[in-house]
Amino acid sequence: MAEETTAGEHLEFLRERHVCFFERCLKILPERYCSLETSRLTIAFFALSGLDMLSALHLVDKTNIIEWIYSLQVLPTEDKSNLYRCGFRGSSHLGIPYNVSESHGTHHLYDSGHIAMTYTGLASLVILGDDLKRVNKEACLAGLRALQIEDGSFYAVPEGSENDMRFVYCATCICYMLNDWSGMNTKKAINYIRKSMSYDNGLAQGAGLESHGGSTFCAIASLCLMGKLNEVFSEKELNRIRRWCIMRQQNGFHGRPNKPVDTCYSFWVGATLQLLQIFQYTNFEKNRNYILSTQDRIVGGFAKWPDSHPDALHAYFGVCGLSLIGEAGVCKVHPALNMSIRAFQHLQHLHHTAETKELEQHSESVPDYT
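Reading the values: rules and limits
Residues numbered from 1 in each chain as written. Predicted model: local features only at pLDDT ≥ 70, side-chain atom pairs only at ≥ 80, totals over all residues. Heavy atoms only, no water. Helix = DSSP H or I, 4+ residues; strand = E, 2+ residues; numbered from the N terminus. Rg over C-alpha atoms; globule rule 2.2 N^0.38 Å. Buried < 20%, exposed > 50% of the residue type's maximum accessible area, 1.4 Å probe, protein only. Areas by Shrake-Rupley, 256 points an atom, 1.4 Å probe, with all protein chains shown as cover. Lys, Arg positive; Asp, Glu negative; His and termini not counted. Charge placed at Lys NZ, Arg CZ, Asp CG, Glu CD. Core = buried A, V, L, I, M, F, W, Y, C linked by side-chain atoms within 4.5 Å. Phe/Tyr/Trp six-rings, centres within 6.5 Å; stacked < 30°, edge-to-face > 60°. Lys NZ or Arg CZ within 6 Å of the ring centre and 35° of its normal. Disulfide = S-S within 2.5 Å. Expected span 1.5 Å × (residues − 1). Contact = heavy atoms within 4.5 Å. Salt bridge = Lys/Arg side-chain N within 4 Å of Asp/Glu carboxyl O. Polar contact = N/O pair within 3.5 Å; in protein donor to acceptor, adjacent residues only side chain to side chain. Axes fitted to C-alpha atoms, helices over the stretch in contact; angles between N-to-C directions. Left-handed = near helix turned anticlockwise from the far one by under 90°. Nonpolar A, V, L, I, M, F, W, Y, C, P; charged D, E, K, R; others polar.

(A) Just the overall build of the chain, in detail. Secondary structure assignment for the chain yields 14 helices and four strands. Taken against the 2.2 N^0.38 rule, which gives 21 Å for 370 residues, the C-alpha radius of gyration of the chain at 21 Å falls within 12% of a compact globule. The proportion of buried residues among the 370 residues of the chain is 56%. In the structure as shown, the chain presents an accessible area of about 17,000 Å², 52% of it carried by carbon and sulfur atoms. In the chain, 34 side chains carry a positive charge and 40 a negative one; their mean positions are 5 Å apart.

Here is the structure:
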């Protein structure tokens, strides 16, 4: 069960229990997770990144998981007629023949990538140390372009779905990880973010909607990854956003005014404050005590509230929230890309290697007239 706290009490972070929790998430899940079958890849991301944050990734069979992730890539058919449907699917629920991205895709009327699964799939491959060489970059970017709509936001799937700030963030992360911004119209996306600023200075899922800690993170993180934060918002506007975010702390953080505190906002709002360079002004002790009040002392993991069941999402973001305050035994998290700094450095290495190779190929193709 979750722990109850009293003033001044220093709670223990049960690292080994959380390692066991994430390991279990990769092997077997409770019945209540059945409805998330089509999002299996996202649950795997929470578990893998959680283990990475706890320096326990050596406990998993990286090779087999990498092969499984590649089997979820929606590849172009031989005639490329499904190019606009490419990306990563969330699981093998459609019964598509197993293919670890080494041949053409198979046509299926209902098969398509999902923008969140493409994000978590690529992020998981980076976390696992893969070189991304089997990612069909052209197809992923084509599938991503097909999901952007006129107002700059994105659908999750080609058939249409909700379109909001969550998917703008996913698209931004995909382009950043693939080191290619041709997958989205950044000008339209930036305009969508700009229009989503609410009257109270937080950012909403879209124009005219309620400010929310999650959508504020998605907007600010997207602009940071694009390198456009200070171009889009003036310093006065950024200060207003900072004020809205810092007002979300009670003991932990909540996502909207007059809502209960929730473990995951220690990351969503905390990371936003980190990106806005004022996280140091929050109350670390109160935040830590709240997060640890939701940890399950028996099976590990974190819940959204004390005395609730832990789940993969809140377990992962609880760990990330602790990372932001410098908890011992937790790696540093990259606040915009939502992965460990170690994984981010691996991604930077992949980008540098690819860019160096491209420059060498270009120089070899230029005639030498000397």
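(B) How the structure looks around the nonpolar core. With 110 residues, the main nonpolar core has I115, M177 and F233 as its most contacted residues. Looking at this core element by element, the count peaks at eleven residues for helix α6 (residues 165-178).

(C) Geometry of the packing of aromatic side chains. In the structure shown here, the tally under the stated rule is 15 aromatic pairs. Arranged with centres 5.1 Å apart and planes meeting at 35°, the rings of F279 and F284 form a pair that is tilted. Judged by its relative accessible area of 2%, F279 is buried. Taken together, the ring pairs connect F45, F46, Y119, Y169, F217, F267, W268, Y316 and F317 into an aromatic cluster. The lysine or arginine in question, R248, covers the ring of W244, its NZ or CZ lying 4.7 Å from the ring centre. Here the guanidinium or amino end of K304 rests over the ring plane of W305, the centre of that ring lying 4.6 Å away.

(D) Structural context of the state of the cysteines. Summed over the entire model, instances satisfying the criterion amount to zero disulfides. Looking at the unpaired C245, the closest cysteine sulfur is the one in C224, lying at 11 Å. Free cysteine: C331, not disulfide-bonded; nearest cysteine sulfur from C320 at 11 Å. A relative accessible area of 23% places C331 in the partly exposed class.

(E) Region of interest: helix α1 (residues 15-27). In a regular helix each residue adds 1.5 Å, so 13 residues correspond to 18 Å; α1 covers 19 Å between its end C-alpha atoms and thus fits that length. Within the span of α1, buried status applies to H18, V19, F21, F22, E23 and C25. Lining the buried residues of α1 we find α2 (40-53) and α13 (312-324).

(F) Quick peek at the environment of T172. Turning to its location among the elements, T172 is positioned in helix α6. Linking T172 and L337, residues 165 residues apart in sequence, is a C-alpha distance of 9.4 Å. Dropping the residues within four chain positions of it, T172 is found in contact with W181, M184, S222, L225 and M226.

(G) Region of the structure containing unusual backbone geometry. In the Ramachandran plot, S55 falls in the positive-phi region, its phi being about 55° despite a non-glycine side chain. Turning to its location among the elements, S55 is positioned in the loop between α2 and α3 (62-70). Since its relative accessible area comes to 45%, S55 is described here as partly exposed. The phi angle at Q277 is positive, at roughly 65°, despite the residue not being glycine. For Q277, the position within the fold is in the loop between α11 (265-275) and α12 (284-293). With a relative accessible area of 61%, Q277 lands in the exposed category.

(H) Up close: the pattern of salt bridges. Counting across every chain of the model gives 16 salt bridges. Notably, a salt bridge pairs E237 with R194, separated by 2.3 Å at the nearest N-O pair. Note that E237 is positioned in helix α10 (residues 235-246) and R194 in helix α7 (residues 186-195), a separation of 43 residues in sequence. According to the relative accessible area criterion, R194 is partly exposed, its value standing at 31%. Note that E231 is salt-bridged to K228, the shortest N-O span being 3.7 Å. When its relative accessible area of 62% is taken as the criterion, E231 is described as exposed. Here the salt bridges share partners, and the residues they tie into one network are E67, E102 and R134.

(I) Quick peek at the environment of Q280. Within the fold, Q280 resides in the loop between α11 and α12. Residues Q280 and G143 lie 137 residues apart in sequence; the distance between their C-alpha atoms is 40 Å. A polar contact is formed between the side chain of Q280 and the backbone oxygen of Q277, at a distance of 3.3 Å.

(J) Examining the packing of helix α8 (residues 213-226) against α10 more closely. Between α8 and α10, the least distance of the axes is 11 Å, while the angle of their chain directions is 145°. For α8 against α10, the interelement crossing comes out left-handed. Contacts from G213, T216 and I220 of α8 reach α10 at I241, W244 and C245. Broken down by class, the residue content of the contact of α8 with α10 amounts to four nonpolar, two polar and no charged.

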